[in-house]
Amino acid sequence: MHKSAEETLSHRPSGLSRRGAMGASLATIAAVTGGASLAGMPRTALAQSAPAPAAAPARPAGPQPFDFPGKERGLKLLGDRPLVAETPEALLDDDTTPIAKFFIRNNGQIPAEITDRDGWRFTVEGEVERPLTLSVAELKSRFQAQTFRMVLECGGNGRSFFQPAARGNQWTNGGAGCAEWTGVRLADVLQAAGLKPTAKFTGHFGADPHLSGDTDKDAISRGMPIEKALEPHSLIVWQMNGEPLPHIHGGPLRLVVPGWPASLSSKWLKRILVRATPHDGQGMGGTSYRMPTQPIIPGSNVDGKTNFADMTSMPLRAIITAPANGTRLPEATRHLPLRGAAWAGDYEVAKVEVSADAGQRWQTMTLSRPRNRYDWVRWTGTVELPTAGYYELWVRATDSRGIAQPHVATNWNPQGYGANPLHRVAVLVG
Ligand SMILES: Nc1nc2c(c(=O)[nH]1)N[C@H]1C(S)=C(S)[C@@H](COP(=O)(O)O)O[C@H]1N2
Ligand SMILES: [Mo]
């Protein structure tokens, strides 16, 4: 893919710091307009103007490089216990997200690295005729392997866009990536075990210890209706982008349940429990991965017991992956090529539009054809910029049902799921 000759702020060779002349002006305008700041978030821009607490230790300005073997330093660390890192939108510019750029989300401790990958075993138990214990080697030899390119997206992706702030990791749009997953259909394995008529739900268990070290607790253990488990794209995978599934992404073996919150896609898979009733593991019930069925007042203190339902499909989302937020373009730039991605959970992306004038006029972008269901759409196009100066580029997708992304995060909920406001990127021409 060709990269345009644009210059990004972070690569400015001059003596300007990130908060230099250009950075300050973009951030200032963004704070005034409530628009995209250099960090892409209005709240960040506002926070910058607040006085720092007197006792705050001196810290170098700007984001710290992410330091993890095999990962790009440009990932953004959201938390180190458990380890969580997102992919800035501009790093999602590849058709297939490289492993080095793929986001990381853990809820518990990271288990010890597994060396005997083919010897790794997991069980299928519960409402089945023949409980199974299968090794990775047996999975490979007994079942037909499948490869699909599919988006994996954290249920909390977009959380930082909620006002007031919701509990949890403050993802922007980077709790998502689109990789090629190789494995076998979960449906084939469940059918080998024989589903009883009472088999209505699943529960998933991984090998990672709870953050506290308490062996009676699971780090996370979520489950879904059996219909989702039986979809042909719900896989048990051992390869990512043609490589053995990396340890940090759940290797040797994980679930990939596309379209729904990635918390269902259990890493270090040890056990699938088939149940007659909804699973009640860690991360089920209350306000966990649950959304209001009727809108509540933002900031409400509710327990999720009434008028809440488990999240199913992830929301529609489009991002601009080039140019990066904060890009400074040559003075003469009037036609600006753009690239990005869009995806829609269980649905399909029907349209992607970009506005360079805060939504007064929208221009339709060209969409790639997805390889398979749950693949993302890559989009390209060009916007006209009438003069030099400061612009915000807004992108919004519309799905196959005719529903577009909202301009602001909506359906506020205590744990901040489902925020998918349109993505904005600030650029300066000249
Ligand atoms: N065993 C286990 N599986 C897990 C998790 C976890 O903490 N433990 N986190 C889930 C969540 S919330 C997400 S968003 C994805 C993240 O997958 P990744 O780290 O490969 O990007 O894994 C899911 N599977
Ligand atoms: Mo997640």
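Heads up: the structure comes first, above all this text.
Computed from a predicted model, the values in this text were never measured in an experiment. (Residues numbered from 1 in each chain as written. Chains lettered and ligands numbered in written order. Predicted model: local features only at pLDDT ≥ 70, side-chain atom pairs only at ≥ 80, totals over all residues. Heavy atoms only, no water.)

Draft legend 1. Main features of the overall build of the chain. What the chain contains, in helices and strands, is five helices and 24 strands. Taken across its 430 residues, the chain has 52% of its residues classed as buried. Sequence separation of at least 24 residues holds for 72% of the intrachain contacts in the chain that already meet a minimum separation of 6. Counting only carbon and sulfur atoms, one obtains 53% of the accessible surface of the chain, whose full area is about 18800 Å². (Helix = DSSP H or I, 4+ residues; strand = E, 2+ residues; numbered from the N terminus. Buried < 20%, exposed > 50% of the residue type's maximum accessible area, 1.4 Å probe, protein only. Contact = heavy atoms within 4.5 Å. Areas by Shrake-Rupley, 256 points an atom, 1.4 Å probe, with all protein chains shown as cover.)

Draft legend 2. Looking closely at the site of ligand 1. Lining the immediate environment of ligand 1, one finds 20 residues, of which Phe-103, Asn-107, Asp-208, His-249 and Lys-267 sit closest. At 2.7 Å from an oxygen atom of ligand 1 is found a side-chain nitrogen or oxygen belonging to His-249. Here ligand 1 loses 100% of its free accessible area of 540 Å² to cover by the protein chains. (Near = heavy atom within 4 Å. Polar contact = N/O pair within 3.5 Å; in protein donor to acceptor, adjacent residues only side chain to side chain.)

Draft legend 3. The arrangement of the environment of Arg-401 in detail. Position of Arg-401 among the secondary structure elements: in the loop between β23 (389-399) and β24 (423-429). The partly exposed category is assigned to Arg-401, whose relative accessible area is 47%. For the pair formed by Arg-401 and Glu-348, sequence separation is 53 residues and the distance between their alpha carbons is 8.3 Å. Separated by 3.4 Å, the side chains of Arg-401 and Tyr-347 make a polar contact.

Draft legend 4. Geometry of the pattern of salt bridges. All chains considered together, the criterion is met by 19 salt bridges. The residue Asp-93 makes a salt bridge to Arg-339 at a minimum N-O spacing of 2.7 Å. Of this pair, Asp-93 sits in the loop between β3 (83-86) and β4 (104-105) while Arg-339 sits in strand β18 (residues 335-343), and the two are 246 residues apart along the sequence. Residue classification places Asp-93 among the buried residues on the basis of a relative accessible area of 5%. (Salt bridge = Lys/Arg side-chain N within 4 Å of Asp/Glu carboxyl O.)

Draft legend 5. Quick peek at helix α4 (residues 186-193). When α4 is considered as a whole, its buried residues turn out to be Leu-186, Ala-187, Val-189, Leu-190 and Ala-193. Take α4 and look down its axis: the buried residues cluster within an arc of 165°, on one side only. Gly-194 lies just past α4 and shows a positive phi near 80°. (Arc of directions from axis to C-beta.)

Draft legend 6. Region of interest: unusual backbone geometry. Residues Gln-163 and Pro-164 are joined by a peptide bond in cis, for which omega reads -5°. Relative to the helices and strands, Pro-164 resides in the loop between β7 (145-153) and β8 (176-185). With omega at 0°, the peptide bond leading from Ala-322 into Pro-323 counts as cis. Within the fold, Pro-323 resides in the loop between β16 (317-322) and β17 (327-329). One non-glycine residue with positive phi stands out, namely Tyr-374, at about 75°. The topology assignment puts Tyr-374 in the loop between β21 (366-367) and β22 (377-384). Residue Tyr-374 is classed as buried on the basis of its relative accessible area, which comes to 8%.

Draft legend 7. How the structure looks around the side chain of Ser-313. As for its placement among the helices and strands, Ser-313 is situated in the loop between β15 (308-310) and β16. For Ser-313, a relative accessible area of 18% puts it in the buried group. Here the side chain of Ser-313 touches Asp-346 through a polar contact of 2.9 Å, landing on its backbone nitrogen. Apart from residues no more than four positions distant in its own chain, Ser-313 is found in contact with Gly-259, Trp-260, Ala-344, Gly-345, Asp-346 and Tyr-347.

Draft legend 8. The pairing of strand β5 (residues 121-126), seen in detail. Looking at chain direction, β5 and strand β6 (residues 132-135) are connected through four bridges and run antiparallel. Opposite Arg-121, over in β6, you have Ser-135 as the bridge partner. In textbook terms, the turn of a hairpin is the stretch between consecutive antiparallel strands, and for β5 and β6 this stretch comprises five residues. Relative to strand β13 (residues 269-275), β5 is paired through four bridges, and the arrangement is parallel. Pairing of Glu-125 across the sheet is with Leu-273, part of β13. (Pairing = 2+ DSSP bridges.)

Draft legend 9. Spotlight on the packing of aromatic side chains. Going through the model one piece at a time under the given rule, you end up with six aromatic pairs. Geometrically, the ring pair formed by Phe-102 and Phe-103 is stacked, given 5.3 Å between the ring centres and 25° between the ring planes. Each of the two residues, Phe-102 as well as Phe-103, counts as buried. Here the aromatic cluster, defined as three or more aromatic residues joined through ring pairs, consists of Phe-102, Phe-103, Trp-171 and Trp-181. (Phe/Tyr/Trp six-rings, centres within 6.5 Å; stacked < 30°, edge-to-face > 60°.)

Draft legend 10. Fine view of the nonpolar core. Counting residues in hydrophobic clusters, the biggest one holds 30 residues, and the most contacted among them are Phe-122, Val-124, Leu-139, Val-189 and Ile-236. Those elements giving two or more residues to this core turn out to be β5, β6, α3 (136-142), α4, α5 (226-229), β10 (235-240) and β13. Here this core takes four residues from α4, the largest share from any one element. In contact with Ile-236, other than residues within four places in its own chain, are Phe-122, Leu-139, Gly-183, Val-184, Leu-186, Val-189, Leu-253, Arg-254, Leu-255, Leu-269 and Ile-272. In terms of nonpolar packing, the next biggest core, distinct from the first, is built from 23 residues, Leu-336, Leu-338, Val-383 and Val-427 among them. (Core = buried A, V, L, I, M, F, W, Y, C linked by side-chain atoms within 4.5 Å.)

Draft legend 11. Inspection of the sheet that holds β22 at higher detail. As summarised here, the arrangement of the four strands in space is β16-β18-β22-β21, forming an open sheet in which the pairing is antiparallel. Where the open sheet ends on each side, the last strands, each with one partner, are β16 and β21. Sheet topology note: the β21/β22 ladder contains two bridges and is antiparallel. Pairing of Thr-366 across the sheet is with Thr-380, part of β22.

Read these as spatial facts, not as claims about activity.
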